[in-house]
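What follows is each chain in one-letter form.
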Amino acid sequence: MANTLGGINLAQIAEQSLDYLSTQFHPLRAFARDFSDEISGQGESVTTRVPSSMTASDLSAGYAASDVTSTACVVSLNKFKGHSAAFTDMEVSKAGSFDWLSSQFLAPALEVTLDAVMDDLLALVTNANYSSNEVITAANFDADEVADLAGDLTTAKCPKSERALILPASYYASLQKDSLIQDSSSYNSSAGIQEHAAQRVHGFDVYEYTGIPTNSENLAGIALHPSALVLAARTPAAPDDGSVSVQDIVDPSTQLPIQLRTFYDNVAGKHYLTMGVLYGVAKGNGAALKRIKSA
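Reference entry: report on the structure contained in this document. (Residues numbered from 1 in each chain as written. Predicted model: local features only at pLDDT ≥ 70, side-chain atom pairs only at ≥ 80, totals over all residues. Heavy atoms only, no water.)

Ranked by size, the top nonpolar core spans 64 residues in total, and within it Leu28, Phe141, Leu165, Ile166, Leu167, Leu224 and Ile258 carry the most contacts. Looking at which element gives the most residues to this core, the answer is helix α3 (residues 98–122), with 10 residues. (Core = buried A, V, L, I, M, F, W, Y, C linked by side-chain atoms within 4.5 Å. Buried < 20%, exposed > 50% of the residue type's maximum accessible area, 1.4 Å probe, protein only. Helix = DSSP H or I, 4+ residues; strand = E, 2+ residues; numbered from the N terminus.)

What follows concerns the packing of aromatic side chains. Summed over the entire model, instances satisfying the criterion amount to two aromatic pairs. Here the aromatic rings of Phe263 and Tyr272 are separated by 4.8 Å at their centres, their planes lie at 5°, and the arrangement is stacked. Taking relative accessible area as the criterion, Phe263 reaches 26% and is therefore assigned partly exposed. (Phe/Tyr/Trp six-rings, centres within 6.5 Å; stacked < 30°, edge-to-face > 60°.)

Before going further, it helps to examine the side chain of Ser227. Counting through the fold element by element, Ser227 comes out in the loop between β8 (219–224) and β9 (229–234). Among the polar contacts listed, one links the side chain of Ser227 to the side chain of His225, at a separation of 2.9 Å. (Polar contact = N/O pair within 3.5 Å; in protein donor to acceptor, adjacent residues only side chain to side chain.)

In terms of residue burial, strand β12 (residues 270–283) counts as a mostly covered element, since 11 of its 14 residues are buried. Judged from the 10 bridges that link them, strand β3 (residues 79–88) and β12 form a sheet pairing that is antiparallel. Note that in β12 the partner of His83 across the bridge is Met275. Direction of pairing for strand β11 (residues 257–265) relative to β12: antiparallel, over a ladder of seven bridges. Bridge pairing links Asp265 to Lys270 in β12. Where β11 folds back on β12, the antiparallel hairpin that results is connected by four residues, among which Gly269 adopts a positive phi of roughly 65°. (Pairing = 2+ DSSP bridges.)

The following block contains the structure:
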């Protein structure tokens, strides 16, 4: 008889994973993630389309087609990251419940897994890929600066829908302290002063994220349209081994597929609970992102 992680319902773990993804890791929603049917097929890469900036033309002499429409973006599925935890028979016996495993393992494991995905995306935010930038210190970052960033993206012909700001804690705090944001009467919401969470400013969804790298270029934050950065992911193949329990989940807010597994090592006497994400990242529309630099 195959051994599994006794007393642990993998479907319950998957449900709690989705709850955590949906409520705690919104920044992944800021990137392009809507792909063709290739995403569920075979091969080492998937192809998506990234819209480019367009211009109007004079149609009085005929319907001449514009030479800029969209750009195919090939994303290699070359990254497989996640987290694996092993619990000895003694540890599981002492824990005695799913609640212990969930509180001790699930949230931090998801956090490091999703941080790994974010790290690979944000590593692409360099001057070589996105030349547009603005130097703004944390102390000076306020609603007026956000309005200027919105104007810059409009000038670059980026659509106004789904724009996002991803900011470190210092910039996010400075924005939340802006008197216009704290004054609930200005936009009929008390989130800025009561929850430290004004989530929409000048057309941007605002996300606080502590893991933004400097990329050796003083990168502090980014203002972008989803077409700027592309994330593709595919559900890993499930093993044929009957001793491994598998649960595939897809977060409805980010479309990110994650595979959970449980299995037992008879020799080591350990119960394993693992999660993994098979994905790739790529630069999209270089004009659809503006880097916020600290210096």
